[in-house]
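# Summary of structural features
Residues per chain, in single letters:
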Amino acid sequence: MAKKINIKKAVEFIKSEYSSIYDTMIFLTFDKGRPEEEVELEVNSIENGLKNHEQVFLDMGLMYHDPDASGYEGIMIETIDDEIELKLDFGEDLNGYYGKYSYMLGGYGVFINKDYTVDYGGYVSRPYGHGMGSYEYYNFKDAEDWDEVKITLTKIMDELDIWE
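A short tour of the structure in this document, coming up. (Residues numbered from 1 in each chain as written. Predicted model: local features only at pLDDT ≥ 70, side-chain atom pairs only at ≥ 80, totals over all residues. Heavy atoms only, no water.)

## Overview of the pattern of salt bridges
Filter applied, for reference: In what follows, salt bridge is the name for a side-chain nitrogen of Lys or Arg lying within 4 Å of a carboxyl oxygen of Asp or Glu. Numbering goes from the N terminus for both helices and strands, where a helix is a DSSP run of H or I of at least four residues and a strand is a run of E of at least two. Any residue under 20% of the maximum accessible area for its type is buried, any over 50% is exposed, and the rest in between are partly exposed; the area is computed with a 1.4 Å probe on protein chains only.
Per the stated rule, a full pass over the model turns up seven salt bridges. Its salt-bridge partner being Glu12, residue Lys8 comes within 3.3 Å of it at the nearest N-O pair. Note that Lys8 and Glu12 are positioned in helix α1 (residues 7-17) at a spacing of four residues, about one turn of the helix. The exposure class of Lys8 is exposed, given its relative accessible area of 52%. Under the relative-accessibility criterion, Glu12 is labelled partly exposed at 44%.

Set out below in structure tokens:
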């Protein structure tokens, strides 16, 4: 049976654990895998988003790859208690399988379906010219089973106290 999220618990978790930054986090509706509009980090706003759209994405944490600034070569995943470095083969000129995750700023979270089941996913900001570009979103249901980012983030999110 698929896990069901408790939206009230999820909102409380995000507001508690990320109190100083949650207003900069991403909470969006999705239709056909594309972002549509922002929702507020409030139960009613999320539920209204689900009434009018296929999914709502809730940002649950940071993930980034910035070797020059961080000193780490791998993808860094920030959890509530820890920072995890995933050392991955990004391929030549970042064109390997993991190259899609190799951009400076990103995050991970849940795509909530209308029945409150979830798909795990993540996003990265693509740089275009100078500064940050648009975000690209990945639903991990479409990722390979051996994808180390998917495996690690699934374990992290499974352990959060946001479930029915």
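From this point, the discussion proceeds with the structure in view.
## Structural notes on the packing of aromatic side chains
Put simply, the rule reads: Two rings from Phe, Tyr or Trp (for Trp, the six-membered ring) form a pair when their centres sit within 6.5 Å of each other. Planes less than 30 degrees apart are called stacked, planes more than 60 degrees apart edge-to-face, and all others tilted.
Evaluated as defined, the whole model comprises 16 aromatic pairs. Taken together, a centroid distance of 6.3 Å and an interplanar angle of 35° make the contact between Tyr98 and Tyr101 tilted. Residue Tyr98 is classed as buried on the basis of its relative accessible area of 8%. Tyr101 gets classed as buried once you look at its relative accessible area, which sits at 2%. On the numbers, 5.8 Å between centres and 40° between planes, the contact of Tyr123 with Tyr137 is tilted. One end of the pair, Tyr123, is in strand β7 (residues 118-127); the other, Tyr137, is in strand β8 (residues 132-139), and 14 residues separate them in sequence.

## Digging into unusual backbone geometry
The phi angle at Lys32 is positive, at roughly 50°, despite the residue not being glycine. Inspection of the secondary structure assignment puts Lys32 in the loop between β1 (27-31) and β2 (34-38). For Tyr116, which is not glycine, the phi dihedral falls at a positive 70°. Checked against the element boundaries, Tyr116 lands in the loop between β6 (106-113) and β7.

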